[in-house]
Amino acid sequence: MYDQYSMDDTTRKEEPQWHAFLEKELNLQQYEFATAEDRALLGLAGPGSGKTRALVYRAANLIKSGIRPDQLLLLTFTNKAAGEMKERLERLLGFLPGDLWAGTFHSIGARILRRHASLLGRSANFSIFDEDDSRALLKQILSSLDVDSQDRKLLMQRGFLGRVISQARNSDLKIKDLMEEEYPYRLEFLGLIEETIVLYEQRKRESNAFDFDDLLLCWLKLFEQHPEIRDRYQERFLHVLVDEFQDTNIIQARIIDLFGNASSVCVVGDDAQSIYAFRYAHIGNILSFPEKYESCRLVRMEQNYRSTPQIVELANASIGHNREQLPKKLFSKKPVGEKPLVAKVSDSRQEASFVLQCIWELQNNGIPLDEIAVLYRSSYLTPELEFALSRKGISYRTYGGVKFFQKAHIRDLLAYLRIVHNPGDENAWRRIAVLQKGFGNATFDKLWSGLKEQVNPLDAAIAGGIRPARGKNGWEALCSTLTAIAERKDEAVSSLIDIILENNYDDILRQNYPDQYEERLQGIERLAIYAERFDSLDSFLESLVLEESVFADTASAPEAFGGQLTLSTIHSAKGKEWDTVFIIGMNQGHFPSQRTAGNSLDEERRLFYVAATRARYYLYMSTYREDFRQYGSVSEGPSLFLRELPSSCYKLMDYDYGSSYY
DNA sequence: TTCAAAACGGTTTTT
DNA sequence: CCGTTTTGAA
Ligand SMILES: Nc1ncnc2c1ncn2[C@@H]1O[C@H](COP(=O)(O)OP(=O)(O)OP(=O)(O)O)[C@@H](O)[C@H]1O
């Protein structure tokens, strides 16, 4: 056991130097935050004010003062923010301590649950069901319950059932109360939904699986029901640090509170950047943090170090329209920059050519692609731009939107691996079983009812002797494939993928996607390449579910000198920054989104606030007059968020540069 | 019970 | 417009 105090002596020699460094790198408030010794600490400040910076320097300072890295726990909601935290800490320390726990709530939850799975009726190799898995399972349950097909449609459309269940769990409400409150028009299904939930929990358990929400809820349950385990983690993690705290939901706050009993808890956030209400983020977590932790030290940071005064002014003007935000000052002392530019273009193709032309000019002015991002409310706003970028050979990467591994062929392939990893995974079995010729859901149901009783369904299948009512050839092909990969399950994942293709899936791919065979096969090859980074099947599978895929399905133009342009949803861009930012699709109906009901307009505006404050020097926004997109093609005019800005905030430009550039 | 063809219908944002 | 659901033949 390390002695913290004797460590202090050894580090004291270095202290003057380190503290001088801290003083140089941080302003007064940030320094206060980074070095405070309070048991509870809240950093509440606007964008670009250095919250993440202060948090990361605090972590580094703790380590410098003798706290072991494994005594720190760094948490946040999104993968992006977690990555940013880790990257900056690594830059600061020169390396990322291997024994430091830093990640999203979900990934840390998974890590803890793997260690104590048996206490929750699972084993350490449990599968993690993503939203698609959950939806598939719910659908399966509904059809097993003989639900009228109209009703089933109502429940499944837009993932209603899954959403209600998830909302209830994440906000700690009873289904009944939630339905009465928010979905009274579906109240007739209450009984059915409750019945479904019981079966859903049961099937997950039988599959040795947790869903996303379980990673939080079961973590909380583990700590609540097993105080001795909670104590162990409390003793270990002397400091818990949370970034983007405004994104946390009630369950995550409870987990933090459990640590708060014993560990010192430090959180940073900005109520004006709360954009995850749809994931049940609870703004009260940050607003009432000082009351909950009475001895809490509150640190405010008001200087924005990221953006020019012009950009900060526009952002302030916009968020000023939100009545409910905490009043916060935010100013920039950076040199005067260009006013943000609003371009009126005729349609989305012209918008693409506008962006391309600007990028061209920026590059000529020495701004590399790495320092440029195009942000948007929804990923359906990008195809025209992507097309234009490909034509011009500009290398780009997209973030957010449909994930690579959500595509059917990738999920198919992963299902084989999931079975080997966790033979109880019903979803995975079903997925590849019904791919086989002559093998359908009905046949699978019969077969599975026997197979799932086996201690190890995979061993039982391999041993043979299981006879499906139909599709015997398909079943045998499947079993021999599984045999082949099970035998070599400790080999490199990429070689397992080859085996799957050779034995079984290549034929299926040809059969099912005659027109897209090549394209999809390439996708699978990319998956195999990606797999080479992992040293085990476990970590590969877990990374694919919990971390968004780090690479695109189809490669854009190859990366050249200035790196790659970033295309990202605004949600995924939070916490990041670029020299130049474009916000495209600034039209009523797109942003704010059509689906926005009255009370979430404020949230959309916060989203705009986040987008605008990503830029260091140049901010471009575009809006079109005509909208050929999808049915209706109603042109609803420029976004409210542009119209409500004082015109002194930005320059207006009519972009009528023929479509020749396109 | 499976599977292909025809009809349908519906779109944020992330873990 | 593309994926999902329904329909009906084998
Ligand atoms: N005291 C400082 N001196 C120099 N640069 C600073 C200082 N504080 C912050 N910065 C820089 O300002 C930028 C924004 O900081 P940071 O990302 O930590 O802010 P944030 O408050 O977390 O922003 P957001 O809320 O938008 O995520 C970073 O480039 C950071 O390095």
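Residues numbered from 1 in each chain as written. Chains lettered and ligands numbered in written order. Predicted model: local features only at pLDDT ≥ 70, side-chain atom pairs only at ≥ 80, totals over all residues. Heavy atoms only, no water.

Points about the site of the ligand
Among the 20 residues in the neighbourhood of the ligand, the closest are listed as Lys51, Thr52, Arg53, Arg88 and Glu577. For the ligand, an oxygen atom lies 2.9 Å from a polar atom in the side chain of Gln273. Isolated, the ligand exposes 640 Å² of accessible area, and the fraction of that covered by the protein chains is 86%. Looking at which element gives the most residues to the shell around the ligand, the answer is helix H4 (residues 51-64), with 3 residues. Both domain 1 (11-112 + 216-301) and domain 3 (311-402 + 557-654) contribute no fewer than three residues apiece to the shell around the ligand. (Near = heavy atom within 4 Å. Polar contact = N/O pair within 3.5 Å; in protein donor to acceptor, adjacent residues only side chain to side chain. Areas by Shrake-Rupley, 256 points an atom, 1.4 Å probe, with all protein chains shown as cover. Helix = DSSP H or I, 4+ residues; strand = E, 2+ residues; numbered from the N terminus. Domains from an automatic or database assignment.)

Digging into the protein's contact with DNA strand C
Neighbouring residues of DNA strand C: Lys139, Ser149 and Arg152. The contact in question runs from a phosphate oxygen of DNA strand C to an N or O atom on the side chain of Lys139, over 3.0 Å.

Section: the packing of helix H12 (residues 212-225) against helix H14 (residues 250-260)
Packing of H12 against H14 brings their axes to within 9 Å, and their N-to-C directions diverge by 30°. The pairing of H12 with H14 is recorded here as roughly parallel in orientation. Every pair of crossing elements has a handedness; the one defined by H12 and H14 is left-handed. Taken together, the residues of H14 that come into contact with H12 (itself represented by Leu216, Leu217, Trp219, Leu220, Phe223 and Glu224) are Ile251, Gln252, Arg254, Ile255, Leu258 and Phe259. Here the residues of the contact of H12 with H14 sort into 9 nonpolar, 1 polar and 2 charged. (Axes fitted to C-alpha atoms, helices over the stretch in contact; angles between N-to-C directions. Parallel < 35°, antiparallel > 145°, perpendicular 65-115°, else oblique. Left-handed = near helix turned anticlockwise from the far one by under 90°. Contact = heavy atoms within 4.5 Å. Nonpolar A, V, L, I, M, F, W, Y, C, P; charged D, E, K, R; others polar.)

Quick notes on the domain arrangement of chain A
Parsing chain A into structural domains produces domain 1 (11-112 + 216-301), domain 2 (129-207), domain 3 (311-402 + 557-654) and domain 4 (405-546). Each of domain 1 and domain 3 has a C-alpha centre, and these two points are 30 Å apart. Listed by partner, the interface residues are 21 residues for domain 1 and 19 residues for domain 3. Of the roughly 1,800 Å² buried between domain 1 and domain 3, counting both surfaces, carbon and sulfur atoms make up 54%. By the criterion of area lost to domain 3, the three top residues of domain 1 are Pro47, Lys80 and Ile275, representing 35% of everything that side buries. For the pair domain 1 and domain 3, the number of links is 5 salt bridges. With a shortest N-O distance of 2.8 Å, Lys328 and Asp270 are connected by a salt bridge. Inspection of the domain 1/domain 3 interface yields 13 residue pairs in polar contact (both at pLDDT 80 or more). (Buried area = accessible area lost by both parts, 1.4 Å probe. Salt bridge = Lys/Arg side-chain N within 4 Å of Asp/Glu carboxyl O.)

Here we look at the side chain of Ser353
Within the secondary structure, Ser353 is located in helix H18 (residues 348-364). Side chain to side chain, Ser353 and Tyr655 meet in a polar contact 3.3 Å long.

Describing unusual backbone geometry
A cis amide bond, omega 5°, links Phe591 with the succeeding residue Pro592. Inspection of the secondary structure assignment puts Pro592 in the loop between strand E15 (578-583) and helix H29 (601-612). Here Asn208, not a glycine, exhibits a phi torsion of approximately 55°, which is positive. As for its position among the elements, Asn208 is in the loop between helix H11 (190-206) and strand E5 (209-211).

Looking at the nonpolar core
If you look at the biggest cluster of nonpolar residues, it comprises 52 residues, and the most contacted ones within it are Leu417, Trp429, Tyr505 and Phe540. Those elements that place two or more of their residues in this core are helix H20 (408-421), helix H21 (426-433), helix H22 (441-451), helix H23 (457-463), helix H24 (472-487), helix H25 (493-512), helix H26 (517-531) and helix H27 (537-546). When residues of this core are assigned to their parent elements, the largest contribution, 9 residues, is made by H25. With residues up to four places along the chain from it excluded, the contact list for Trp429 reads Ile419, Pro423, Phe444, Trp448, Leu451, Pro457, Leu458, Ala461, Trp475 and Leu482. In this structure, Leu73, Trp101, Ile229 and Leu546 belong to the second largest nonpolar core, which totals 43 residues. (Core = buried A, V, L, I, M, F, W, Y, C linked by side-chain atoms within 4.5 Å. Buried < 20%, exposed > 50% of the residue type's maximum accessible area, 1.4 Å probe, protein only.)

Quick word on the environment of Asn261
Tracing the chain through its elements places Asn261 in the loop between H14 and strand E7 (264-269). Along the primary structure Asn261 and Phe591 are separated by 330 residues, whereas in three dimensions their C-alpha atoms are 42 Å apart. Aside from chain neighbours lying at most four places away, what touches Asn261 is Arg39 and Gln234.

A short note on the side chain of Arg203
Tracing the backbone shows Arg203 in helix H11. Polar side-chain contacts of Arg203 include one of 2.8 Å to the side chain of Glu426. With sequence-adjacent residues up to four places away left out, Arg203 is seen in contact with Leu137, Gln140, Ile141, Glu426 and Arg430.

Remarks on the pattern of salt bridges
In the structure shown here, the tally under the stated rule is 44 salt bridges. In this structure, Asp247 and Lys574 form a salt bridge, with 2.7 Å as the shortest nitrogen-oxygen distance. Linking Asp247 in the loop between strand E6 (239-242) and H14 with Lys574 in the loop between helix H28 (570-573) and E15, this pair joins segments that are 327 residues apart in sequence. In this structure, Asp247 and Lys574 share a single accessibility class: buried. In this structure, Arg430 engages Asp445 in a salt bridge whose closest nitrogen and oxygen atoms are separated by 3.0 Å. With Arg430 in helix H21 and Asp445 in helix H22, this residue pair connects regions lying 15 residues apart in the sequence. Under the relative-accessibility criterion, Asp445 is labelled partly exposed at 36%.

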